[in-house]
Amino acid sequence: MLGYGTVGSGVVEILRENAELIEKRAGEKIQVKSVLDLRDFPGDPVQDIIVHDFEEIRNDSEVQIVVETMGGLHPAYEFVKASLESGKSVCTSNKALVAAYGPELLKLAEEKNVNFLFEASVGGGIPIIRPLKVSLAPDEILGISGILNGTTNYILTEMAENGSDFDSVLKDAQEKGYAEKDPTADVEGYDACRKIAILTSLAYGKQLDFEDIYTEGITKITDRDIQYAKELGAKIKIFGSSKKVGDKVSAMVAPKLITASHPLYSVDGVFNSILVTGNMVGDVMFYGQGAGKLATASAVVSDVIDEAKHTAINMKTLWEPEKLALMPMEEVASRFFVRIHGRKEEAAELAERAFGKVLSVEAGFEDEFGFVTEEMTEGAFEKAAGEVDIINRIRFD
């Protein structure tokens, strides 16, 4: 074990609590030999196997599987790479590591005839990586759309249900432990971006760099946006999504308005859900806790069991370092909900002049005009937006 924080301690707990069941399913006994951490844990049973030097694990011939739950890129990358080079299989919950170095580490695992698995890197306890690789292997993936971050989903749910403003709900989420002290990665969409990068890379077998994905967070969503959404019979959710368009793929992370006909409409609170569309199977939905100690640790242990069953057998994962051809953002098409400054009559005239036919949305505000456009490209929207005074805009799925 590399790291004995929230997830790492959860892994140890599950391996001990469900030891008999896990042994039956793995076909042999799985024991934690060493736990690497900078800290000591007096009074914790794990203290007897704590080590402070990674080389002790690397050079231990009895260790066949290394579990990385440290988080961050360094030294996690160096430790994982060294473990694979030493002929040890690795599983990780580290989405930053997988998004940045997935193809390299998978290739190294294949060369060493071991495995690099990362079920817990996306969706916490929700099984999605293995189904995408195995269960949906016969299908061409046409699209992936997911509520991939529990923190932001909780914030948007609370804003909608209680009429609270963003800052108040964020503070509440931090007090309840749903949001980090520094919530930037969640509320700006960076966390969801890495997750959709991993899923899209696996779906199409080529590397999609998360830095290339258009990413927009939820910090601009206001109580007025929520009120307009209610008038439309809609909810605002932040999605990580990608879809196949001809021979290219479009990908983005952004808030979207969805109505009750959308499969993910009822996914509220801290829950996550991922909708995958295959050309043969159609729509398949995965739902559950996207984070949390035992939920995430359960996904990690599922990889441990899989690796125990495949010692000296590499389970090939198609994810080449070749870059995925990404559709230019300006060509991506959508409908948009837009709010502009101005009194209704004048603003409506300006909106139609700039955007063409629009559907007005009345939410009782005298100083602005809200409307929904017909489907248009991002490029066309930006051009039209230059002709009006926009307060905010949200894509309408």
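Before reading on, note that the structure itself is shown above.
Residues numbered from 1 in each chain as written. Predicted model: local features only at pLDDT ≥ 70, side-chain atom pairs only at ≥ 80, totals over all residues. Heavy atoms only, no water.

1. Section: the overall build of the protein
A count of helical and extended segments in the protein gives 14 helices and 18 strands. For 397 residues, the compact-globule estimate of 2.2 N^0.38 gives 21 Å, and the protein sits close to it at 23 Å. Once the C-alpha set of the protein is aligned to its principal axes, its extents read approximately 75 × 45 × 35 Å. Across the 397 residues in the protein, those meeting the buried criterion constitute 52%. The long-range fraction of contacts in the protein, counting pairs at least 24 apart against all pairs at least 6 apart in sequence, stands at 72%. (Helix = DSSP H or I, 4+ residues; strand = E, 2+ residues; numbered from the N terminus. Rg over C-alpha atoms; globule rule 2.2 N^0.38 Å. Buried < 20%, exposed > 50% of the residue type's maximum accessible area, 1.4 Å probe, protein only. Contact = heavy atoms within 4.5 Å.)

2. Comments concerning the packing of helix α1 (residues 6-17) against helix α12 (residues 293-309)
Direction vectors running N to C along α1 and α12 enclose 65°, while the axes themselves pass 8 Å from each other. Overall, the two elements α1 and α12 adopt an arrangement that is roughly perpendicular. Seen along the crossing, α1 lies across α12 with a hand that is right-handed. For the pair formed by α1 and α12, the contact residues are Thr6, Val7, Ser9, Gly10, Val11, Glu13, Ile14 and Leu15 on the first element and Lys293, Leu294, Thr296, Ala297, Ser298, Val300 and Val301 on the second. The residue inventory of the contact of α1 with α12, partitioned by class, reads eight nonpolar, five polar and two charged. (Axes fitted to C-alpha atoms, helices over the stretch in contact; angles between N-to-C directions. Parallel < 35°, antiparallel > 145°, perpendicular 65-115°, else oblique. Left-handed = near helix turned anticlockwise from the far one by under 90°. Nonpolar A, V, L, I, M, F, W, Y, C, P; charged D, E, K, R; others polar.)

3. Notes on the environment of Arg25
Considering the arrangement of structural elements, one finds Arg25 in helix α2 (residues 19-26). Between the C-alpha atoms of Arg25 and Lys309, which are 284 residues apart in sequence, the distance is 8.7 Å. With near-sequence residues (within four places) excluded, Arg25 lies in contact with Ile305 and Lys309.

4. Here's the deal with the environment of Tyr154
Along the chain, Tyr154 turns up in helix α7 (residues 150-162). Among the residues examined, Tyr154 registers a relative accessible area of 6% and is labelled buried. In this structure the C-alpha to C-alpha distance between Tyr154 and Val270, which are 116 residues apart in sequence, comes to 4.9 Å. When sequence neighbours within four positions are dropped, the list of residues in contact with Tyr154 reads Val169, Asp172, Ala173, Lys176, Tyr178, Gly269 and Val270.

5. Details of a nonpolar patch on the surface
A cluster of nonpolar residues, Phe271, Met285 and Tyr287, forms a patch on the protein surface that exposes about 290 Å² of accessible area. Counting through the fold element by element, Phe271 comes out in strand β11 (residues 271-278). (Patch = residues over 30% accessible without salt bridge, like charges linked within 9 Å, V, L, I, M, F, W, Y side chains within 5 Å. Areas by Shrake-Rupley, 256 points an atom, 1.4 Å probe, with all protein chains shown as cover. Salt bridge = Lys/Arg side-chain N within 4 Å of Asp/Glu carboxyl O.)

6. A word on the pattern of salt bridges
Under the counting rule described, the total for this entry stands at 29 salt bridges. Of the charged contacts in the structure, one is a salt bridge between Arg130 and Glu119, with a shortest N-O distance of 3.7 Å. Taken together, the residues span a long stretch of sequence, with Arg130 in helix α6 (residues 129-135) and Glu119 in the loop between β5 (116-117) and α6 at a distance of eleven residues. The exposure class of Glu119 is buried, given its relative accessible area of 2%.

7. Observations concerning the sheet that holds strand β4 (residues 89-92)
Taken in spatial order, the three strands of this open sheet run β3-β4-β5, and their pairing is parallel. Both outer strands of the open sheet, β3 (65-68) and β5, are each paired with one neighbouring strand and no more. In this structure, β3 lies alongside β4, joined through four bridges in parallel fashion. Its bridge partner lying in β4, Ile65 is registered against Ser89. Sitting on the sheet, α12 touches β3, β4 and β5, and the angle it makes with β4 is about 165°. (Pairing = 2+ DSSP bridges.)

8. Considering the nonpolar core
Core analysis: the largest hydrophobic core is formed by 77 residues, its most contacted members being Leu84, Phe116, Phe118, Ile198, Leu199 and Val276. Per-element accounting of this core gives the leading share, nine residues, to helix α10 (residues 190-204). Beyond its immediate stretch of four places on either side in the chain, Leu84 contacts Val90, Leu105, Leu108, Ala109, Lys112, Val114, Asn115 and Phe116. Residues Val12, Ala299, Val301 and Ile305 belong to the second largest nonpolar core, which totals 25 residues. (Core = buried A, V, L, I, M, F, W, Y, C linked by side-chain atoms within 4.5 Å.)

9. Things to note about unusual backbone geometry
Across the junction of His74 and Pro75, the peptide omega takes the value 10°, indicating a cis bond. With respect to the secondary-structure elements, Pro75 resides in the loop between β3 and α4 (76-85). Positive phi values are uncommon outside glycine, yet Asn113 reaches one of about 60°. Assignment of secondary structure puts Asn113 in the loop between α5 (95-111) and β5. Using a relative accessible area of 36% as the deciding quantity, one classes Asn113 as partly exposed.

10. Describing the pairing of strand β15 (residues 358-361)
In terms of strand pairing, β15 meets strand β16 (residues 368-373) through four bridges, oriented antiparallel. The residue of β16 that forms the bridge with Leu359 is Val372. With antiparallel pairing between neighbouring strands as the criterion, β15 and β16 make up a hairpin whose turn holds six residues, including Gly364 at a positive phi of roughly 85°.

11. Remarks on the packing of aromatic side chains
Enumeration according to the criterion identifies 13 aromatic pairs in this entry. Judged by centre distance (4.3 Å) and plane angle (10°), the rings of Phe54 and Phe79 are stacked. A residue pair is termed long-range when its members are at least 10 positions apart, and Phe54 in helix α3 (residues 54-58) and Phe79 in helix α4 qualify at 25 residues. Consider the rings of Phe355 and Phe371, whose centres lie 5.4 Å apart with planes at 55°: the pair is tilted. Of this pair, Phe355 sits in helix α13 (residues 344-355) while Phe371 sits in strand β16, and the two are 16 residues apart along the sequence. Using a relative accessible area of 10% as the deciding quantity, one classes Phe355 as buried. Through pairs of rings, three or more aromatic residues link up here, namely Phe336, Phe355, Phe369, Phe371 and Phe381. Of note, Arg194 hangs over the ring of Phe210, and the distance from its end group to the ring centre comes to 4.1 Å. The ring of Phe365 carries the charged tip of Arg224 above its face, separated from the ring centre by 4.1 Å. (Phe/Tyr/Trp six-rings, centres within 6.5 Å; stacked < 30°, edge-to-face > 60°. Lys NZ or Arg CZ within 6 Å of the ring centre and 35° of its normal.)

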